[in-house]
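Listed here are the chains, written in short residue letters.
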Amino acid sequence: DVKVTQSSRYLVKRTGEKVFLECVQDMDHENMFWYRQDPGLGLRLIYFSYDVKMKEKGDIPEGYSVSREKKERFSLILESASTNQTSMYLCASRSPGTGRTDTQYFGPGTRLTVL
Amino acid sequence: RKEVEQDPGPFNVPEGATVAFNCTYSNSASQSFFWYRQDCRKEPKLLMSVYSSGNEDGRFTAQLNRASQYISLLIRDSKLSDSATYLCVVNRNAGKSTFGDGTTLTVKP
């Protein structure tokens, strides 16, 4: 079974703080993703990485950066947290393939509140 | 217009009912299609892939119509445990996926 873990389930930070969200997967997947999920807006892609040290902007990268120094770990960084970044953050990993193998496995999510 | 659109529902059905969800997508170059299930306050999990020929997994049937750019999910003999939000997912090129906002299903006794 693929396992994707995230460092925290709940996090409360103050405006202006630097925030690190960590994600680790144990299936040697090349592709990893960070999404945020908000009511009425669904899941939106922030950044993704298709290999170590490689990253691509998703649909809403503003205010975020990422780091992928090791294959199993993908970090999301909020350089200066703002209240509009209060959200559920979901990490996912995927092994490239087609059809049945082209699926994403999600971590449990981190619910971040910025005060 | 959103790239992937779903009827948000909610769909409230009695146990044993048959319920169908539709999803439309706008990018004709989309390559692969999935239904995910998300329980309240949990992460999404893959329910099933969707193939052009249609595919079935127990009580669940998924279909894809590329010409009309929609996919569907049919649930037969609904169970209480089917209550969840169902997400339509379309994979674009370059490894990106677009998720629909989800359709909420509540199955009542």
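So, here's what we can say about the structure. (Residues numbered from 1 in each chain as written. Chains lettered and ligands numbered in written order. Predicted model: local features only at pLDDT ≥ 70, side-chain atom pairs only at ≥ 80, totals over all residues. Heavy atoms only, no water.)

**Topic: the state of the cysteines**
Scanning all chains against the criterion turns up two disulfides over all chains. Each sulfur of the disulfide joining Cys23 of chain A and Cys91 of chain A lies 1.9 Å from the other. When the S-S torsion is -75°, as for the bridge of Cys23 of chain A with Cys91 of chain A, the disulfide is left-handed. Of the two residues, Cys23 of chain A is situated in strand β3 (residues 19-25) and Cys91 of chain A in strand β9 (residues 87-94); the sequence distance between them amounts to 68 residues. No difference in accessibility class separates Cys23 of chain A from Cys91 of chain A, as the two residues are buried. Put simply, Cys23 of chain B and Cys88 of chain B are joined by a disulfide, and their sulfur atoms are 1.9 Å apart. In this structure the cystine formed by Cys23 of chain B and Cys88 of chain B twists about its S-S bond by roughly -70°; its chirality is therefore left-handed. With Cys23 of chain B in strand β3 (residues 19-25) and Cys88 of chain B in strand β9 (residues 84-91), the pair connects residues that are 65 residues apart, well separated along the chain. Accessibility expressed as a relative area gives 0% for Cys88 of chain B, which makes it buried. (Disulfide = S-S within 2.5 Å. Helix = DSSP H or I, 4+ residues; strand = E, 2+ residues; numbered from the N terminus. Buried < 20%, exposed > 50% of the residue type's maximum accessible area, 1.4 Å probe, protein only.)

**Notes on the pattern of salt bridges**
Scanning all chains against the criterion turns up twelve salt bridges over all chains. For the salt bridge of Arg44 of chain A with Asp38 of chain A, the shortest nitrogen-to-oxygen distance reads 2.9 Å. Relative accessible area serves as the criterion here: at 10%, Asp38 of chain A is assigned to the buried category. For the salt bridge of Glu56 of chain B with Arg76 of chain B, the shortest nitrogen-to-oxygen distance reads 3.6 Å. In this pair, Glu56 of chain B sits in strand β6 (residues 55-57) while Arg76 of chain B sits in the loop between β8 (70-75) and β9, placing the two residues 20 residues apart along the sequence. Residue class for Arg76 of chain B comes out partly exposed when judged on its relative accessible area of 26%. (Salt bridge = Lys/Arg side-chain N within 4 Å of Asp/Glu carboxyl O.)

**Details of the side chain of Gln85 of chain A**
Residue and element names in this part refer to chain A. With respect to the helices and strands, Gln85 occurs in the loop between β8 (73-78) and β9. A residue is classified by how much of its surface remains accessible, and Gln85, at 5% relative accessible area, is buried. The contacts of Gln85, once residues within four sequence positions are left out, are Arg36, Gly63, Tyr64, Leu78, Ser80, Leu112 and Val114. (Contact = heavy atoms within 4.5 Å.)

**A closer look at the interface of chain A and chain B**
Contacts between the two partners involve 24 residues from chain A, matched on the other side by 20 residues from chain B. Buried surface at the junction of chain A and chain B, both sides included, amounts to about 1,800 Å², of which 47% is carbon and sulfur. Summed over the three residues of chain A that lose the most area to chain B, namely Leu43, Gln104 and Phe106 of chain A, the buried surface amounts to 23% of that side. Our enumeration of links across chain A and chain B arrives at zero salt bridges. Summed over the shared surface of chain A and chain B, the result is three residue pairs in polar contact (both at pLDDT 80 or more). Secondary-structure elements contributing two or more residues to the side of chain A that touches chain B are β4 (31-38), β5 (42-51) and β9 of chain A. The greatest single-element share of the side of chain A that touches chain B, amounting to four residues, is contributed by β5 of chain A. Considering only residue class, the side of chain A that touches chain B consists of ten nonpolar, seven polar and seven charged. (Buried area = accessible area lost by both parts, 1.4 Å probe. Polar contact = N/O pair within 3.5 Å; in protein donor to acceptor, adjacent residues only side chain to side chain. Nonpolar A, V, L, I, M, F, W, Y, C, P; charged D, E, K, R; others polar.)

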